[in-house]
Amino acid sequence: MRKHIVAGNWKMNLTFDQANELAEQLMDALEKCNLNKTELIVCPPFPYLELLSDFGSDSYFMVGAQNVNDNERGAYTGEVSAEMLASLELTHCIVGHSERRLYYGETNEQIAHKVDHLLGHNIKPIVCCGEVLEEREAGKQFEVVERQLKEGLFHLSERAFGNIIIAYEPVWAIGTGKTATPQQAQEMHAFIRGLIRGRYGATTADDTSILYGGSCKPNNAKELFANPDVDGGLIGGASLKADDFVAIALSF
Ligand code: PGA
């Protein structure tokens, strides 16, 4: 059966000292609670990956990157490859976050390449999808998400797809304090699972973790996670406070 997963995306926040402090606070908070079977993943900015890996090595949480380049290696100044992430023994990497799609023009085709490189290095991609406000207002959210998944992911074999985690993040809910209602989240998550079922069959669909992201906080996580097709969360703002992040992880 699929796993419950809560992943924190620190985005472009925190200095080195602040990152160290947050990691320490997280360890303190996690020591005192029982997360049961929920998997926790922390995705700090690139320069802090090794620091976090050291903290995470005793298995309270796993460590992931927020992005990866879509080429294998070479003259791509400022970029980071899947091979480099693998050499730090990272387990996960976020791919296709809406901020990358919107601000850096990332396409579904590039996302497909990123996913391939990550899987080639045994790193599990957390692949983001989701519609912008105008698309939802026009009733196009299902069409948009379907295209993102088909073009970014559905080239994979069934076996490779078994390593994919999906994050549905309606763009209008990210960092806005405006959360999707539990019904809106469930409706889209069930739709996504149906697409996976159609492409890969019932077993793969049932085994795929689909996370919700977009202003998920301690006060709404329980309601969201109570839905049958919501298997956890991708948490931005609230992952920068250890207590909030752990409270969300305890919301199952
Ligand atoms: P948020 O971000 O929780 O701050 O809305 C979620 C995300 O972008 O992953």
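Nothing here was measured: the structure is a model prediction, and the numbers come from that model.

Draft legend 1. Region of interest: the overall build of the protein chain. Tallying secondary structure elements over the protein chain gives twelve helices and eight strands in all. Seen along its three principal axes, the alpha-carbon backbone of the protein chain occupies a region of about 45 × 45 × 35 Å. Put simply, the protein chain has 252 residues, and 53% of those count as buried. If you take every contact in the protein chain between residues at least 6 apart in sequence, the share linking residues at least 24 apart comes to 71%. Entry remark: accessible area of the protein chain is about 11,600 Å², with carbon and sulfur atoms responsible for 48%. For the protein chain, the separation between the mean place of its 22 positive charges and that of its 35 negative charges on side chains is 6 Å.

Draft legend 2. Structural context of the packing of aromatic side chains. Enumeration according to the criterion identifies six aromatic pairs in this entry. Both rings, one in Phe 16 and one in Tyr 48, keep their centres 5.9 Å apart while their planes meet at 70 degrees; by these two values the pair is edge-to-face. With Phe 16 in helix α1 (residues 16–31) and Tyr 48 in the loop between β2 (39–43) and α2 (49–56), this pair connects stretches of sequence that are 32 residues apart. Ring geometry for Phe 161 and Tyr 200: centres 4.4 Å apart, planes at 25 degrees, overall stacked. Taken as a pair, Phe 161 in helix α8 (residues 158–161) and Tyr 200 in helix α9 (residues 182–200) lie far apart in primary sequence, 39 residues in all. Judged by its relative accessible area of 7%, Tyr 200 is buried. One aromatic cluster is present, formed by Phe 154, Phe 161 and Tyr 200 through successive ring pairs.

Draft legend 3. Seen up close, the site of the ligand. Within the structure, the ligand sits among 13 residues, and Lys 11, His 97, Glu 169, Gly 175 and Ser 215 are positioned closest to it. Separating an oxygen atom of the ligand from a backbone N or O atom of Gly 175 is a distance of 2.7 Å. Protein chains shield 97% of the accessible area of the ligand, which is 280 Å² for the free molecule.

Draft legend 4. Just α2, in detail. Within α2, six of the eight residues are buried, which leaves the element mostly enclosed by the surrounding structure. Elements in contact with the buried residues of α2: α1, β2, β3 (62–65) and α3 (82–87).

Draft legend 5. Local environment of the pattern of salt bridges. Under the criterion given, the structure shown has twelve salt bridges. The salt bridge involving Arg 2 is made with Asp 229; its shortest N-O contact spans 4.0 Å. Of this pair, Arg 2 sits in the segment before β1 (5–9) while Asp 229 sits in the loop between α11 (221–225) and β8 (232–235), and the two are 227 residues apart along the sequence. With respect to burial, Arg 2 and Asp 229 carry one shared label: buried. Notably, a salt bridge pairs Glu 106 with Lys 114, separated by 2.8 Å at the nearest N-O pair. Take Glu 106 and Lys 114: they sit in the same class, and that class is buried. Each of Arg 2, Arg 193, Asp 229 and Asp 231 takes part in one network of salt bridges that share partners.

Draft legend 6. Region of interest: the state of the cysteines. The tally for this structure, following the rule as stated, stands at zero disulfides. Cysteine Cys 43 is unpaired, with the sulfur of Cys 93 as its nearest cysteine sulfur at 7.5 Å. Take Cys 93: its relative accessible area is 0%, and that puts it in the buried class.

Draft legend 7. Here's a closer look at the sheet that holds β8. With respect to topology, eight strands assemble into a closed barrel ordered β1-β2-β3-β4-β5-β6-β7-β8, the strand pairing being parallel. The average undirected angle you get between the axes of adjacent strands in this sheet is 25 degrees. Two elements, strand β6 (residues 165–168) and strand β7 (residues 210–213), share three bridges in a ladder whose sense is parallel. Paired with Ile 166 across the two strands is Ile 210, which belongs to β7. The strands that α9 touches are β5 (124–129), β6 and β7; relative to β7, the one it contacts most, it runs at about 145 degrees.

Draft legend 8. Examining the packing of α1 against helix α12 (residues 242–249) more closely. Running from amino to carboxyl end, α1 crosses α12 at an angle of 40 degrees, the nearest separation of the two axes being 9 Å. Regarding the angle of α1 to α12, the classification is oblique. α12 is crossed by α1, and the crossing has right-handed handedness. On α12, the residues that touch Leu 22, Gln 25, Leu 26, Ala 29 and Leu 30 of α1 are Ala 242, Asp 243, Phe 245 and Val 246. Per-class residue counts for the contact of α1 with α12 are seven nonpolar, one polar and one charged.

The rules behind the values
Residues numbered from 1 in each chain as written. Predicted model: local features only at pLDDT ≥ 70, side-chain atom pairs only at ≥ 80, totals over all residues. Heavy atoms only, no water. Helix = DSSP H or I, 4+ residues; strand = E, 2+ residues; numbered from the N terminus. Buried < 20%, exposed > 50% of the residue type's maximum accessible area, 1.4 Å probe, protein only. Contact = heavy atoms within 4.5 Å. Areas by Shrake-Rupley, 256 points an atom, 1.4 Å probe, with all protein chains shown as cover. Lys, Arg positive; Asp, Glu negative; His and termini not counted. Charge placed at Lys NZ, Arg CZ, Asp CG, Glu CD. Phe/Tyr/Trp six-rings, centres within 6.5 Å; stacked < 30°, edge-to-face > 60°. Near = heavy atom within 4 Å. Polar contact = N/O pair within 3.5 Å; in protein donor to acceptor, adjacent residues only side chain to side chain. Salt bridge = Lys/Arg side-chain N within 4 Å of Asp/Glu carboxyl O. Disulfide = S-S within 2.5 Å. Pairing = 2+ DSSP bridges. Axes fitted to C-alpha atoms, helices over the stretch in contact; angles between N-to-C directions. Parallel < 35°, antiparallel > 145°, perpendicular 65-115°, else oblique. Left-handed = near helix turned anticlockwise from the far one by under 90°. Nonpolar A, V, L, I, M, F, W, Y, C, P; charged D, E, K, R; others polar.

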